[in-house]
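As a plain string of letters, each chain reads:
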Amino acid sequence: MKKFEEMDLIAPLQRALRDEKYKAPTPIQEQTIPVAVSGRDVLGCAQTGTGKTAAFALPVLNHLGQRNRKAVSQCPFVLVLAPTRELAIQISHSFSTYGKHLKLRRALVYGGVGQGNQVRAMNRGAHILIATPGRLLDLMNQGCIDLAQVEMIVLDEADRMLDMGFLPDVKRILNQLPDDRQTLFFSATMPPSIVDLSKRMLTQPVNVQIQSNSVSVDKIEQKVLLLQRNQKQESLRGIVTADDAGQVLVFTRTKRGADVVARKLDQSGVRTMAIHGNKSQNARQRALEAFRKYQVQVLVATDVAARGIDIDGITHVVNFDLPVDPESYVHRIGRTGRAGASGIAISFCTDGERRELREIQKLLGNKVRLVFEHSNGASEQLHRPSMPRTKGSTTSRSTSKRPSSRRSSTRSFAPASTANGKPKNRRKQRKGRNARQRLKQASQ
Ligand code: AMP
């Protein structure tokens, strides 16, 4: 493996890496940095938590740090596009960490806050502009930003950018860039739309693929908890108050859901905050900081708000609701198990969410083991199991596709007993109901 010292990085960057105590490059860094430093375009397929930010930040800083240039008002030399404000802020932090021995100026441009400070920063001049697409276009249209001098562009989390409907904005921004720039393009997944966009943006790129097509979740223990909707809140409380739980990140599908879950958990004595798109930028930053500094144990988030959160020490990710889009599952659980640490991801799945679970299983393929647990505690490890059935399925149907040696524990997926422990036999129940109705009719 190539060491950082063997890479063609200038001394101030080597010093910063020593300060950070990075011993060896991660695979994405090892493969990306040398080719990016040589000036080639890069198409990188890697999910968050792999050290992707340094993989593009170091070549960018290396490029800028080799020349002693003053920043030019309104005209950045490097543009980094990110899908969310949180990610943009985080990228800016990373640039400040790796570039701390260089005299380079950065500007951050994102929506949801007043534009005054951002316009002033651009007027003063910044070597590196880190931006979300919407506000960037806005300021470009107002004549506050000119991309004519951009030498390098980084597109981070391109798939999420497209998911969020930024494609038209991204295309408009690309049209303003000089043709002879260098492009570093990163995406956690490579659906056809991303491949199309990358073809438009890149010139003879070097492909860097860290995980085959989509997922690297092998360090993360993944469980699916099959339960009823009304059991979710209590199950969540059980998870966050268990001995092994440290910082827990919880995902809900809706903003309102995030608020409700956070409020109930907080009321039950677990310090919790919520983060979603309806909260002001300041409130979102406050919640993130509180979580980062262990002032709250649980952060409840929607997908968009949590995208790219890089917080070390998240022991559990809980999918309170399964995501509609299976790719989001990978992004969500990638918040734990960062930088080589292990982590646990627990997904709640009700009957109504079985379709989403099937989609996730399809995406994960055969490589990933999901541990299924019924809310009564029975568990089993299966290699890509056929869909477990809960309510409304009979035991024989739920086990029919499984090897006989597994049948006994598999039965736990189907609620074979009612809450009072008595066998639940739907035909018997129906018969009983019909008999009661007949009796009632007869007695009228
Ligand atoms: P990223 O995927 O860029 O969000 O990085 C995830 C985490 O890995 C961050 O906390 C980085 O500080 C950390 N990290 C990045 N590169 C290295 C490295 N070579 N050695 C150790 N930690 C790293």
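With that settled, consider the overall build of the protein chain. The number of helices and strands found in the protein chain is 18 helices and 15 strands. For the protein chain, the proportion of its 444 residues judged to be buried stands at 43%.

Moving on: the confidence of the model for the protein chain. In the predicted model, the protein chain carries a mean pLDDT of 81, and 78% of its residues have values of at least 70. The model gives residues 380-433 a pLDDT under 50, and that stretch makes 61 contacts with residues more than four places away or in other chains. Below a pLDDT of 50 lies the segment residues 435-444, which in the model reaches zero contacts outside its immediate sequence neighbourhood of four places, other chains included.

What follows concerns helix H12 (residues 281-292). Given a rise of 1.5 Å per residue, 12 residues ought to cover 16 Å, and the 16 Å separating the end C-alpha atoms of H12 matches this to within 8%. Restricting attention to buried positions, one finds in H12 the residues Arg284, Ala287, Leu288 and Phe291. When H12 is viewed along its axis, its buried side chains cluster within an angular range of 95 degrees and face the same direction. Seen from the open side of H12, the exposed residues pointing more than 90 degrees away from its buried face are Asn282 and Glu289. Trailing H12 by a residue or two, Tyr294 shows a phi angle of about 65 degrees, which is positive.

Moving on: helix H3 (residues 52-65). Relative to the 20 Å expected for 14 residues at 1.5 Å per residue, H3 spans 20 Å between its end C-alpha atoms, a close match to the ideal helical length. Summarising burial for H3: 13 of the 14 residues are buried, a large majority.

If you walk across this open sheet you meet the seven strands as E3-E4-E2-E5-E6-E1-E7, and the pairing is parallel. Taken across any chain shown, the strands that pair with only one partner, and hence form the sheet edges, are strand E3 (106-109) and strand E7 (206-209). The mean inter-strand angle of the sheet, taken between neighbouring strand axes irrespective of direction, is 10 degrees. Relative to strand E6 (residues 182-187), strand E1 (residues 42-45) is paired through four bridges, and the arrangement is parallel. Bridge pairing links Leu43 to Phe185 in E6. Of the strands in this sheet, E1, strand E2 (78-81), strand E4 (128-131), strand E5 (152-155) and E6 touch H3, which is tilted by about 170 degrees from E5. Packed onto the sheet, helix H6 (residues 133-141) meets E2, E3 and E4 and runs at close to 105 degrees relative to E3.

Below, the discussion takes up the packing of H6 against helix H8 (residues 167-175). Packing of H6 against H8 leaves a shortest axis separation of 9 Å and a crossing angle of 45 degrees. The angle between the axes of H6 and H8 places the two elements in the oblique class. Relative to H8, H6 is oriented so that their crossing is left-handed. Residues Pro133, Gly134, Leu136 and Leu137 of H6 touch H8, and the partners they reach there are Asp169, Val170, Arg172 and Ile173. Here the residues of the contact of H6 with H8 are counted per class, giving five nonpolar, one polar and two charged.

Moving on: the environment of Ile194. Take Ile194: it is sitting in helix H9 (residues 192-201). In the structure, Ile194 is positioned 36 residues away from Ala158 in sequence and 7.1 Å away in space, judged by C-alpha atoms. The contact partners of Ile194, leaving out residues within four places of it in the chain, are Ala158, Asp159, Leu162 and Ser187.

Quick look at the environment of Lys279 now. In this structure, Lys279 sits in the loop between strand E10 (272-275) and H12. The class for Lys279 is partly exposed, based on 19 C-beta atoms found within 10 Å. Along the chain, Lys279 and Gly112 lie 167 residues apart, while their C-alpha atoms are 9.6 Å from each other.

Turning our eyes to something else, we now look at the environment of Ala126. When you line up the elements, Ala126 lands in the loop between helix H5 (116-124) and E4. Along the primary structure Ala126 and Arg105 are separated by 21 residues, whereas in three dimensions their C-alpha atoms are 4.8 Å apart. Excluding residues within four positions of it along the chain, Ala126 makes contact with Ala71, Pro76, Arg105, Arg106, Ala107 and Ala121.

The rules we used
Residues numbered from 1 in each chain as written. Predicted model: local features only at pLDDT ≥ 70, side-chain atom pairs only at ≥ 80, totals over all residues. Helix = DSSP H or I, 4+ residues; strand = E, 2+ residues; numbered from the N terminus. Buried ≥ 20, exposed ≤ 12 C-beta atoms within 10 Å, placed from the backbone. pLDDT = per-residue confidence, 0-100. Contact = placed C-beta atoms within 7 Å. Expected span 1.5 Å × (residues − 1). Arc of directions from axis to C-beta. Pairing = 2+ DSSP bridges. Axes fitted to C-alpha atoms, helices over the stretch in contact; angles between N-to-C directions. Parallel < 35°, antiparallel > 145°, perpendicular 65-115°, else oblique. Left-handed = near helix turned anticlockwise from the far one by under 90°. Nonpolar A, V, L, I, M, F, W, Y, C, P; charged D, E, K, R; others polar.

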